[in-house]
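# Descriptive structure summary
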Amino acid sequence: MTLQHAFGQAVDLAAAYFLSRRFKARDGWTREQLLAHQRDAFKVIVRHAAHASPFYRTHYRGIEIADGPEPSQLPVTNKRLLMDNLEAVVTDQRLSRDMLDRHLAGATGDSLLFGEYRVVATAGTSGLRGIFVYDRAAWRTVLANTLRWQHFAGIAPRWPNRVRICSIGADNPMHVTSRIPMSGDIGLFQIRHLLATDPIEHLVSSLAEFQPDVILPYPSVAALIAREQLAGRLSISPRVVATHSELLTPEMARLIEQAWGIEAFNHYGLTEEPHVGADCTRHAGLHLFEDTAMIEVVDDEYRPVPDGTLGTRYLLTNLYNRIQPLIRYEVTDMLARAPALCACGRPFGLIAAMGGRAEDLLHLPRADGQRGEVSVTPMLVSLAVEAFLGVREYAVEHDASGIRLRLVVPDAEDRRKIGQALPARLGSDIASHGAVPPPITLEFLDGLARSTQRMGKLSVVARRRGASPQPGCPA
Ligand SMILES: [Zn+2]
């Protein structure tokens with residue numbers, strides 16, 4: 001890293017720190033103040049995009065932009081549309097697709113394109129790689145939101161015994177979850193980064209040696225570590241466990257609580273918007289960071305759904321990325337907004353429930369013989385599997401031919417019981433939703449391989465993609 005780069009990084013982080021103090025003051029806003037701020041920020045980003053981005057200029061042709069249109073007046077966008085038109089979407093015409101690809105291929109550490117842009121990409125689970133560019137101002141907001149997340153979880157810098165934070169995730173500058181610690185470490189905390197793809201024995205010995213105050217793992221990794229602690233093979237006492245990047249299921253949360261006597265903090269973000277929401281110490285749901293992003297929970301026809309109801313998708317507007325505007329951008333994760341605000345008094349609305357990805361819904365024939373299908377949320381499968389405490393880890397794949405459960409169950413007697421009872425339990429849960437249960441097959445494995453391609457993340461429940469998934473490897 002050059003001195004110039006290190007200086008730039010320190011300037012960005014100092015600016016992010018001051019920005020985070022402004023963000024913190026917004027905790028005291030009323031809901032009306034917050035929504036007014038969001039409306040204004042929405043108008044500003046829309047006007048900017050319509051002016052500076054050739055794509056949005058065309059996309060919004062015929063719509064009166066100057067007065068600040070209502071969100072519902074603007075056509076939606078999605079990943080395919082924005083990637084197919086990437087060069088027209090970005091507001092700096094020097095950024096060609098070729099150049100972005102080359103930069104990503106050669107990226108090391110926290111390297112900047114033109115000394116200005118951080119370029120990150122999605123792991124490509126949907127089969128379509130997304131490339132997202134942040135200028136330095138936008139990245140300061142990302143870092144300020146990281147500080148806000150830490151503040152929500154009660155993590156504050158401390159001297160002289162600095163707080164020891166252990167993150168467990170990916171190690172690739174292309175991925176946003178690695179990039180934030182790479183650009184945000186100027187010594188406020190003692191930080192150790194471990195890889196989710198490492199063998200569990202290695203994670204256990206590193207954690208035992210480091211003795212973290214805070215761990216930031218994927219929830220599935222947190223559950224594995226919690227089991228090691230409960231089995232007496234690990235002895236650490238973190239104050240805070242804050243999970244991210246995957247769905248935190250009730251069983252994973254229960255294990256964390258059992259192992260360390262603390263309730264896990266959860267966080268939800270995307271490459272397109274690294275901090276969509278995070279929970280506070282009340283754990284009443286994830287607070288949406290509505291001053292930096294706008295979330296519209298909608299159905300298949302992009303109509304808003306009432307609070308408390310799971311949408312099949314949502315529309316994200318990133319309110320601060322001016323280099324690659326993302327406006328009413330379709331995300332197929334299923335969320336439900338809570339009807340009420342959190343008792344902590346913050347004005348930020350809450351996500352009451354997360355139901356996984358709409359693509360991963362199970363579409364099953366109706367049991368009453370009528371035409372059509374019943375859609376079953378993947379959480380139903382998770383809840384059935386997690387009712388069996390002998391299951392150490394699992395992955396589920398499904399397609400038209402049935403549901404395949406891959407289970408890590410160390411105990412032979414547990415395997416026998418689960419083999420008998422789980423298909424019946426899941427079948428009856430599915431039937432209770434009015435659907436015909438599909439064939440259910442079980443496979444017992446010693447462990448599930450974590451693919452480095454997917455940053456070591458595990459899809460707990462996923463629709464099977466492609467012809468033949470590799471055995472022992474999540475799709
Ligand atoms: Zn709260």
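Before reading on, note that the structure itself is shown above.
Let me sum up the structure you'll find in this document.

Thresholds applied
Residues numbered from 1 in each chain as written. Predicted model: local features only at pLDDT ≥ 70, side-chain atom pairs only at ≥ 80, totals over all residues. Heavy atoms only, no water. Donors = N, O, S within 2.8 Å, 3.2 Å for Na, K, Ca; no water. Tetrahedral: all angles 85-135°; square planar, octahedral: opposite > 155°, others 65-115°. Helix = DSSP H or I, 4+ residues; strand = E, 2+ residues; numbered from the N terminus. Buried < 20%, exposed > 50% of the residue type's maximum accessible area, 1.4 Å probe, protein only. Contact = heavy atoms within 4.5 Å. Polar contact = N/O pair within 3.5 Å; in protein donor to acceptor, adjacent residues only side chain to side chain. Pairing = 2+ DSSP bridges. Axes fitted to C-alpha atoms, helices over the stretch in contact; angles between N-to-C directions. 1 Å grid on protein atoms, 1.4 Å probe; cavity = no way out; pocket = protein on both sides within 12 Å on 5 of 7 lines; lining within 4 Å. Points joined across faces, edges and corners; volume = space filled by probe spheres on them. Nonpolar A, V, L, I, M, F, W, Y, C, P; charged D, E, K, R; others polar.

This brings us to the coordination of the zinc ion. Angles at a metal have ideal values that depend on geometry: 109.5 degrees with four tetrahedral donors, 90 or 180 degrees with six octahedral donors. Donor atoms from the polypeptide that coordinate the zinc ion comprise Cys280 (SG), His287 (NE2), Cys342 (SG) and Cys344 (SG), at 2.1 to 2.3 Å from the metal. One can describe the donor arrangement at the zinc ion as tetrahedral, given that its four donor atoms subtend angles of 101 to 119° at the metal. Expressed as a motif, the donor residue spacing for the zinc ion is C-x6-H-x54-C-x1-C. Here the residue Cys280 occupies a position in the loop between β8 (277-278) and β9 (286-288), and Cys344 occupies one in the loop between β13 (333-337) and β14 (350-357), the gap between them amounting to 64 residues. Under the relative-accessibility criterion, Cys344 is labelled partly exposed at 27%.

Moving on to unusual backbone geometry. Note the cis peptide between Trp159 and Pro160, where omega equals -10°. Within the element layout of this structure, Pro160 appears in the loop between α7 (136-152) and β3 (164-169). For Tyr302, which is not glycine, the phi torsion reads 65° and is therefore positive. One can find Tyr302 in the loop between β10 (293-298) and β11 (313-318).

The subject of this paragraph is the environment of Gln324. Within the secondary structure, Gln324 sits in the loop between β11 and β12 (329-331). The exposure class assigned to Gln324 is buried, which follows from its relative accessible area of 0%. Spatially, the C-alpha atoms of Gln324 and Val90 are 4.6 Å apart, while their sequence positions differ by 234 residues. What Gln324 contacts, discounting residues up to four positions off in sequence, is Met83, Leu86, Val89, Val90, Ile131, Phe132 and Val133. Polar side-chain contacts of Gln324 include one of 2.7 Å to the backbone nitrogen of Val133.

Our focus in this paragraph is the sheet that holds β10. Sheet architecture is open: three strands sit in the order β10-β11-β12, paired in antiparallel fashion. Looking at which strands have only one partner, the edges of the open sheet turn out to be β10 and β12. Adjacent strand axes in the sheet meet at a mean angle of 30° when their direction is disregarded. Where β10 and β11 come together, six bridges link them in antiparallel fashion.

In this section: the sheet that holds strand β4 (residues 190-195). The strand order across the open sheet formed by nine strands is β4-β3-β5-β6-β7-β8-β9-β14-β13, and the pairing between neighbours is mixed. Of all the strands in the sheet, the pair left with one neighbour each is β4 and β13. Sheet topology note: the β8/β9 ladder contains two bridges and is antiparallel. Looking at the pairing, Ala278 lines up with His287 of β9.

Attention now goes to the layout of surface pockets. Size it by volume and the second largest pocket reaches roughly 490 Å³. Lining the second largest pocket are 23 residues; nearest its centre among them are Gln38, Pro71, Met294, Ile295 and Glu296. Where the lining of the second largest pocket is concerned, the elements lending two or more residues are α2 (31-52) and β10. Here the element with the most residues in the lining of the second largest pocket is α2; it accounts for six residues. In terms of residue class, the lining of the second largest pocket is made up of 11 nonpolar, three polar and nine charged.

Geometric descriptors of this kind do not, in isolation, establish any biological role.
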